[in-house]
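# Reading the structure
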Amino acid sequence: MWFRNLTLFRFSPVVAKSLKSLEDDLAEKRLRPCGPIELATRGFISPFGRNEDALTHRTGEFALLTLGGEDKLLPSSVINEELTARLQKIAEKTGRKPGGRERKRLKEEVLTDLLPRAFIRLSKRNAYLDSKDGWFVVDTASKKAAEEAITQLREALGSFPAVPMAAEESPRVLMTDWLASGKLPAGLALGDECELRDPVESGAIVRCRRQELETDEVREHLKSGKQVFALGLTYEDRLSFSLGEDLVVRKLRFLDVIQDELGEGDRESAAAELDAVFALMSLELRRLFAKFEEWFGLPRPTDKK
């Protein structure tokens, strides 16, 4: 269950105190099966599997949760094929083509008839809350998926005023300087990929992968005015990732030293394995996020009185 992408939100100490009843609050929004004529449902499932009861798993100040969804798989080609057959049947019987209103009614009938027989796909997305430092971390690089996750949590809690990252120091400017100068903060090293863009609208884009970044070729792009929109980085030889100018972490990898610390152990169940991975992962990411605060200026929200 290692997270592979990270979209981050921040919440205040007062909000953190309201999370004490998290398990009970999520229980009201447990994922339920799709009804016969529903296209989709959303809710929470246990991190240990859908058939388990616990909707959260806590390790100290960290709480792991899993957002679930059921979606009916009903391709538009199937709908259109059935609709065409019914329209043709009416035309043959009456000698006329159905109008727009009748076509709409027939399409609704097709959906009602086909939905109960559609296959259902279960989706899962992990996230966790760090109540001590005020982070809500979603395992996704998709803005839409992250917003859906926080919306589900808000619906379950009634209110959850978490905010996206708002850096005081421009990540784009800082990362451009790191790449141009080769001078990075302590513990941070360049990876082997980057995305450079001309900041003007419709400007040129250069993407480098599996390439040494401290080269004259890359520096020439920077001299011509391109800026860093994504940069591959390694932190303390423990984590590697691509950091976007939106502070979304992509392609996150926990390197060998962390895997070695996890070790084989004597964990005899999937639940014990999840517990061990989550404990180690959340602590490692807490250290990384503290550095994000230091490098970019990411103040934690405070509650106005």
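Treat the numbers as computed from the prediction; the structure is a model and nothing was measured.

Reading the values: the criteria
Residues numbered from 1 in each chain as written. Predicted model: local features only at pLDDT ≥ 70, side-chain atom pairs only at ≥ 80, totals over all residues. Heavy atoms only, no water. Pairing = 2+ DSSP bridges. Helix = DSSP H or I, 4+ residues; strand = E, 2+ residues; numbered from the N terminus. Axes fitted to C-alpha atoms, helices over the stretch in contact; angles between N-to-C directions. Contact = heavy atoms within 4.5 Å. Phe/Tyr/Trp six-rings, centres within 6.5 Å; stacked < 30°, edge-to-face > 60°. Salt bridge = Lys/Arg side-chain N within 4 Å of Asp/Glu carboxyl O. Buried < 20%, exposed > 50% of the residue type's maximum accessible area, 1.4 Å probe, protein only.

### What about the sheet that holds strand 9 (residues 205-209)?
Working definition: the strands of a sheet are paired by backbone hydrogen bonds and lie parallel or antiparallel to each other. Spatially, 9-8-10-11-12 is the arrangement adopted by the five strands of the open sheet, whose pairing is antiparallel. Edge positions in the sheet fall to strand 9 and strand 12 (249-254), since each of these pairs with one other strand and no more. The sheet shows a mean angle of 15° between the axes of neighbouring strands, direction not considered. Looking at chain direction, strand 8 (residues 188-197) and strand 10 (residues 227-235) are connected through seven bridges and run antiparallel. Bridge pairing links Leu196 to Val228 in strand 10. Lying on the sheet, helix 6 (residues 171-181) is in contact with strand 8, strand 10 and strand 11 (239-244); it crosses strand 10 at an angle near 65°.

### Examining the packing of aromatic side chains
Within this structure, the stated rule accounts for 17 aromatic pairs. Consider the rings of Trp178 and Trp295, whose centres lie 5.9 Å apart with planes at 85°: the pair is edge-to-face. With Trp178 in helix 6 and Trp295 in helix 9 (residues 270-297), this residue pair connects regions lying 117 residues apart in the sequence. Chaining the aromatic ring pairs together yields one cluster made of Trp135, Trp178, Tyr235, Phe241, Phe289, Phe292, Trp295 and Phe296.

### Observations regarding the pattern of salt bridges
For the coordinates displayed, the defined rule picks out 25 salt bridges. One salt bridge in this structure joins Arg96 and Glu102, with 3.3 Å as the shortest N-O distance. Measuring nitrogen to oxygen at the nearest pair gives 2.9 Å for the salt bridge that ties Arg238 to Glu261. Of this pair, Arg238 sits in the loop between strand 10 and strand 11 while Glu261 is found in helix 8 (residues 256-262), placing the two residues 23 residues apart along the sequence. Using a relative accessible area of 14% as the deciding quantity, one classes Arg238 as buried.

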